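# Structure at a glance
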Amino acid sequence: MSRTRFSTPNRRTFLGGAAFLGAGLATPALAQTAYDSGVVYEDNAYTNLRRNISSFRSLDWQPYFANTKNGAILVDITSRALHFWSEDQSIYKLFPTSVPVSEDLTRLGRTEVVRKVVGPTWAPTPAMKIRNPEWPDFVAAGPDNPLGTHALYLSWQYYRIHGTHDTRKIGRKSSNGCIGLYNEHIEVLFGLTKVGTQVLLI
């Protein structure tokens, strides 16, 4: 099985050490919008990311899936990592993610990819609008869109795996429920997945 690890936006290897951790968190955001989270970032994100590096490792699919039909995505909320296995198990990818800011916004369990969108648009959920009435009702695709360049829509309403233009979010608790990746990583994952790809959040 091919064990291809991810590359960060500056092409450094994640497991290379703390230098990446500092650099990744210091990367300037391309857009300073925060509709997805209300700018809720952990104050100790750097410390937490360093602590999580020990659990950010390659995994086998067998403990989590009966098979890899249509491909399989495992999202580990604790280590803030997304694992992908292709249907024939020849491709394995591991990406850092953002995760929900709190337990009440976190949904765990099995779902699947039901739609794939390049250049997604965004609208706040009813609950988001209640919490943040000043947010717009609709955001077109582009640099101000919190879903980044690509989005994988899941069978759970309002839940997605998507990119982000705000690179500060990756590796942190910073979303209202969705799983975020660097734009270059979601583009890779988007190309590997299909409608029907299995998804498990743990």
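Procedures and definitions
Residues numbered from 1 in each chain as written. Predicted model: local features only at pLDDT ≥ 70, side-chain atom pairs only at ≥ 80, totals over all residues. Heavy atoms only, no water. Helix = DSSP H or I, 4+ residues; strand = E, 2+ residues; numbered from the N terminus. Buried < 20%, exposed > 50% of the residue type's maximum accessible area, 1.4 Å probe, protein only. Contact = heavy atoms within 4.5 Å. Core = buried A, V, L, I, M, F, W, Y, C linked by side-chain atoms within 4.5 Å. Pairing = 2+ DSSP bridges. Salt bridge = Lys/Arg side-chain N within 4 Å of Asp/Glu carboxyl O. Phe/Tyr/Trp six-rings, centres within 6.5 Å; stacked < 30°, edge-to-face > 60°. Lys NZ or Arg CZ within 6 Å of the ring centre and 35° of its normal.

### A look at unusual backbone geometry
For residues that are not glycine, phi is negative in most cases, and the peptide bond is trans in most cases. One non-glycine residue with positive phi stands out, namely Arg80, at about 55 degrees. Relative to the helices and strands, Arg80 is located in the loop between β1 (72–76) and β2 (81–85). With a relative accessible area of 6%, Arg80 lands in the buried category. Positive phi is not limited to glycine here, since Gln89 has a value of about 65 degrees. Among the secondary structure elements, Gln89 is positioned in the loop between β2 and β3 (92–96). Of the residues examined, Gln89 reaches a relative accessible area of 25% and is grouped as partly exposed.

### Focus: the side chain of Thr97
Relative to the helices and strands, Thr97 is located in the loop between β3 and β4 (99–100). Residue Thr97 is classed as buried on the basis of its relative accessible area of 0%. Sequence-distant contacts of Thr97, that is, excluding residues within four places in its chain, are made with Arg80, Ala81, Leu82, Ile170, Gly171, Arg172, Ile179, Gly180 and Leu181.

### Digging into the environment of Gly196
Relative to the assigned elements, Gly196 resides in the loop between α4 (183–192) and β10 (198–201). The spacing of Gly196 and Gly71 is 125 residues in sequence and 8.2 Å in space, taken between C-alpha atoms. Sequence-distant contacts of Gly196, defined by excluding residues within four places in its chain, comprise Asn70, Glu112 and Val113.

### Regarding the nonpolar core
Grouped together as the largest cluster of nonpolar side chains are 20 residues, with contacts concentrated most on Ile73, Leu82, Leu152, Ile161, Ile179, Leu181 and Leu189. Looking at this core, the elements with two or more residues in it are β1, β2, β6 (150–154), β9 (179–182), α4 and β10. Considering every element that reaches this core, the biggest residue donor is α4, with three residues. Leaving out residues up to four positions away in the same chain, Ile161 has contacts with Ile73, Leu82, His150, Ala151, Leu152, Leu154, Ile179, Leu181, Ile186, Leu189 and Val199. Within the second largest apolar cluster, eleven residues are counted, among which are Ala72, Ala81, Trp85 and Tyr92.

### Remarks on the pairing of β2
When you tally the buried positions in β2, you get five out of five residues, the bulk of the element. With five bridges connecting them, β1 and β2 associate as antiparallel partners. Looking across to β2, one finds that Val75 is bridged to Leu82. Where β1 folds back onto β2 in an antiparallel hairpin, the turn is made up of four residues, including Arg80, whose phi is positive at roughly 55 degrees.

### Some remarks on the pattern of salt bridges
Summed over the entire model, instances satisfying the criterion amount to three salt bridges. Two residues, Asp166 and Arg168, come together in a salt bridge whose shortest N-O distance is 2.7 Å. By relative accessible area, which is 2% here, Asp166 ends up buried. The class of Arg168 is partly exposed, set by a relative accessible area of 22%.

### Some details on the packing of aromatic side chains
Scanning all chains against the criterion turns up four aromatic pairs. Both rings, one in Trp85 and one in Tyr92, keep their centres 5.5 Å apart while their planes meet at 45 degrees; by these two values the pair is tilted. The two residues Trp85 and Tyr92 agree in class, both being buried. On the basis of an interplanar angle of 85 degrees and a centroid distance of 5.7 Å, the ring pair of Trp156 and Tyr159 is categorised as edge-to-face. Each member of the pair, Trp156 as well as Tyr159, is classed as buried. Put simply, the rings of Phe65, Trp85 and Tyr92 pair up and form one aromatic cluster. The residue whose ring lies beneath Arg115 is Tyr153, and the NZ or CZ to ring-centre distance is 4.1 Å. The cationic tip of Lys116 hangs over the ring face of Phe190; the distance from NZ or CZ to the ring centre is 4.5 Å.

Remember, this is a structural readout, not a statement about activity or role.
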